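# A structural walkthrough
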Amino acid sequence: MEIKSNFKGSEKTRENIRQQLQDRFGIDIANSYDPYTNVMTLRDWNKFGYRVVKGQKALKSTTVIEKKDKNGEVVSRCSRRINLFHINQCEKVGS
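Throughout this description, residue numbers start from 1 for each chain and increase along the sequence as written. Given that the model is predicted, a residue must reach a pLDDT of at least 70 before its local features are reported, and side-chain atom pairs must reach 80 or more before they are shown or counted; all residues, however, enter totals for whole chains, interfaces and linings. As a rule here, side-chain values cover all heavy atoms of the structure and leave hydrogens and water aside.

### Overview of the pattern of salt bridges
Any two side chains of opposite charge can pair, on the condition that their charged atoms come close. For this analysis, a salt bridge means a side-chain nitrogen from Lys or Arg found within 4 Å of a carboxyl oxygen belonging to Asp or Glu. The full count for this structure, using the stated rule, is four salt bridges. Measuring nitrogen to oxygen at the nearest pair gives 3.4 Å for the salt bridge that ties Glu-15 to Arg-18. Of this pair, Glu-15 and Arg-18 both sit in helix α1 (residues 11–25), three residues apart, which is roughly one turn of that helix. A salt bridge links Lys-47 to Asp-44; the nearest nitrogen and oxygen atoms lie 3.7 Å apart. Helix numbers and strand numbers start at the N terminus; a helix is a DSSP run of H or I with at least 4 residues, a strand a run of E with at least 2.

See the structure below:
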């Protein structure tokens, strides 16, 4: 299964995560950051057969949740904080 997240964030979000990665893990990890393949939520990592190593601290970000009516029209938006993890904070299940 190909690892690919459903990232829909902005350039500001990318830079925020990139800066957190650089502060925590260094410039090499920050430069290899790809929001589609190596930084995801716990649920997404689990879906792809990975688990977050015990004791790892999440990268913090926000996302916008849109609520739609029965016709598919957006009726409201709200921000929600999310926890993300880099692949170097994870291990393949069964390895």
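Past the structure itself, the notes keep going.
### Concerning the packing of aromatic side chains
The rule is short: rings of Phe, Tyr and Trp, with Trp giving its six-membered ring, pair when the centres are within 6.5 Å, and they are stacked under 30 degrees, edge-to-face over 60, tilted in between. On inspection of all chains with the given rule, the structure shows two aromatic pairs. On the basis of an interplanar angle of 65° and a centroid distance of 5.3 Å, the ring pair of Trp-45 and Tyr-50 is categorised as edge-to-face. For Trp-45, a relative accessible area of 0% corresponds to the buried category. Whether a residue is buried, partly exposed or exposed follows from its accessible area with a 1.4 Å probe, protein chains only, as a fraction of its type maximum: under 20%, in between, or over 50%, in that order. Owing to a relative accessible area of 16%, Tyr-50 belongs among the buried residues under this scheme.

### A few points about the sheet that holds strand β3 (residues 59–68)
The strand order across the open sheet formed by three strands is β1-β4-β3, and the pairing between neighbours is antiparallel. This sheet does not close on itself; its edge strands, each paired only once, are β1 (39–40) and β3. At least two bridges found by DSSP between two strands is the condition for calling them paired. For β1 and strand β4 (residues 74–86), the ladder comprises two bridges, and the chain directions are antiparallel. Paired with Val-39 across the bridge in β4 is His-86. Whether two residues touch is decided by their heavy atoms; if any such pair falls within 4.5 Å, the residues are in contact. Axis geometry follows a simple rule: fit a line to the C-alpha atoms, using only the stretch in contact for helices, then measure angles between N-to-C directions, giving values from 0 to 180 degrees. Where α1 meets the sheet, it contacts β1, β3 and β4, and its direction lies at approximately 155° from that of β3.

### Overview of the pairing of β4
Two elements, β3 and β4, share ten bridges in a ladder whose sense is antiparallel. Paired with Lys-67 across the bridge in β4 is Ser-76.

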